[in-house]
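A look at the structure
Next come the chains, spelled out residue by residue.
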Amino acid sequence: GPTLAQVATARGFHVGTAAEVNSLASSQWRYVADSQFNSVTMGNEGKWDATEPAQGQFDFAAADAIADYTAATGKRLRGHTLVWHNQLPAWVSAERTAAEQRQVLIDHVTGVAGHFAGDVAQWDVVNEPFNEDGTLRSSVWYTRLGEDYIADALTAARAADPAAKLFVNDYNVEGVNAKSTGLYDLVRRLQARGVPIDGVGLQAHLIVGQVPSSLRQNIERFTALGLSVEITELDVRIPLPADAAELTQQAADYRAVVGACAAVAGCTGVTTWGVGEVDSWIPEFFPGYGAALLFDEQWQARPAYSAVVEAL
Ligand code: XIL
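Here's a quick rundown of the structure. For every chain, the first residue of the written sequence is number 1, and numbering continues from 1 along that sequence. For this predicted model, a pLDDT threshold of at least 70 governs which residues receive local features, and a threshold of 80 or more governs which side-chain atom pairs are given and counted, while totals over whole chains, interfaces and linings are taken from all residues.

The next thing to look at is the environment of Ile 66. Looking at where Ile 66 falls in the secondary structure, it is placed in helix H5 (residues 61-73). Between the C-alpha atom of Ile 66 and that of Leu 24, which follows or precedes it by 42 residues, the distance is 8.0 Å. Helical segments are the DSSP runs of H or I of at least four residues, strand segments are the runs of E of at least two, and each set is numbered from the N terminus.

So, on to the site of the ligand. Here, nearness is defined through the C-beta atom: a residue counts as near a molecule or strand if that backbone-placed atom lies within 6 Å of it. In the region of the ligand, the neighbouring residues are Gly 43, Asn 44, Asn 127, Gln 203, Glu 233 and Trp 281. Split into classes, the residues belonging to the shell around the ligand amount to 1 nonpolar, 4 polar and 1 charged. In this count, Pro and Cys sit with the nonpolar residues alongside Ala, Val, Leu, Ile, Met, Phe, Trp and Tyr, while Asp, Glu, Lys and Arg are called charged and the others, Gly among them, polar.

Around each residue's C-beta, the other C-beta atoms within 10 Å are counted; 20 or more make the residue buried, 12 or fewer make it exposed, and counts in between make it partly exposed. All C-beta atoms are placed from the backbone. Along helix H13 (residues 303-311), the residues classified as buried are Ala 304, Ala 307, Val 308, Val 309 and Ala 311. Next to the buried residues of H13 lie helix H1 (4-10) and helix H11 (244-262). By the convention adopted here, residues are in contact when the distance between their C-beta atoms, placed from the backbone, does not exceed 7 Å.

On to the nonpolar core. Within soluble globular proteins, side chains that are nonpolar tend to cluster in buried spots. Note on terminology: a nonpolar core is any set of buried Ala, Val, Leu, Ile, Met, Phe, Trp, Tyr and Cys residues joined through C-beta atoms within 7 Å. Counting residues in hydrophobic clusters, the biggest one holds 87 residues, and the most contacted among them are Val 109, Val 125, Ala 153, Ala 157 and Val 257. The element that contributes the greatest number of residues to this core is helix H8 (residues 148-160), accounting for 7 residues. Filtering out sequence-adjacent residues up to four positions away, Val 109 remains in contact with Leu 82, Val 83, Ala 153, Ala 156, Ala 157 and Ala 160.

All right, on to the packing of H11 against H13 then. Two elements in contact, H11 and H13, have axes separated by 8 Å at closest approach and are oriented at 25 degrees. By the angle between their directions, the pair H11 and H13 is classed as roughly parallel. Crossing hand, H11 versus H13: right-handed. Along its contact with H11, which presents Leu 247, Thr 248, Gln 250, Ala 251, Ala 252, Tyr 254, Arg 255, Val 258, Gly 259 and Ala 262, the element H13 presents Pro 303, Ala 304, Ala 307, Val 308, Glu 310 and Ala 311. Of the residues contributing to the contact of H11 with H13, the split by class is 11 nonpolar, 3 polar and 2 charged. Here the axes come from fitting lines to C-alpha atoms, over the contacting stretch only for helices, and the angles between their N-to-C directions go from 0 to 180 degrees. In this scheme, roughly parallel covers angles under 35 degrees and roughly antiparallel covers those over 145, while 65 to 115 is roughly perpendicular and the rest are oblique. By the definition used in this description, the sense in which the near helix is turned from the far one sets the handedness, with an anticlockwise turn below a right angle giving left-handed and a clockwise turn giving right-handed.

In short, geometric facts, not functional conclusions.
The structure is reproduced here in structure tokens:
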């Protein structure tokens with residue numbers, strides 16, 4: 001039958017994977033990714049430590065490799081990520097005035113978004129700005145610049161790449177809850193000020209059996225604001241070893257997430273955070289968990305794969 005990418009493309013939808021330069025060198029990864037996904041997100045290559053390791057010294061070698069891959073294979077490219085509190089080189093947090101810190105942010109956004117202007121369909125401009133209670137996280141950005149850092153980043157990104165759709169991306173914002181309401185209220189404040197924002201990314205690093213029941217309602221409240229919504233980093237982790245019942249539940253979870261997005265006109269794509277066990281971040285970051293993606297250790301489709309195809 002048709003591949004996942006073919007099914008998605010036929011209905012104007014995007015199914016993506018995160019990609020790292022190491023993965024591009026794997027013939028097995030390439031075999032699956034080339035045929036099954038029509039969108040790719042920079043895995044680590046677009047982050048600050050990779051793109052501006054020293055102040056004013058930009059290095060796009062790794063991110064360019066991802067962009068070259070998407071150009072060569074006709075896939076959509078998602079840029080990830082311009083402003084975050086993780087994977088920052090130490091120089092970014094060195095002591096300086098607020099005015100200087102703001103210029104550091106603007107120069108970075110301008111340099112990176114400018115380099116990829118015309119190639120990136122969507123940027124995760126600001127990543128993970130929220131605490132669980134919906135307040136803004138005490139990052140170097142918020143602590144030194146206040147909430148305005150978000151507007152400054154979005155405004156600089158729009159100026160550098162007017163064609164890219166600009167997203168704010170976070171985790172634990174899939175259901176209606178305090179954190180997603182913080183995101184919703186932020187979007188409304190930005191829109192009221194005329195700050196450019198085009199979409200919100202719901203990362204969706206989920207645990208098997210725990211898809212929020214309010215996922216679709218949450219997606220709809222954002223699209224009602226005129227925004228696009230994307231599921232940006234989907235994985236559904238299972239306590240290892242995963243048994244058949246858990247893989248069946250996981251398939252239902254994937255079906256629910258993809259089905260909720262596909263049912264809402266403004267929800268334009270679902271990206272999984274990798275292809276298979278080899279390139280999943282879960283075993284390292286959530287010890288004791290794994291089996292979180294659509295393909296297994298041998299690059300064979302898990303039950304969730306067919307569930308996703310059927311949900312589209
Ligand atoms: C992860 C990568 O997959 C890892 O390789 C890296 O060591 C840490 O970051 N939320 C995000 C992603 O927005 O950038 C993170 O990616 C996963 C959580």
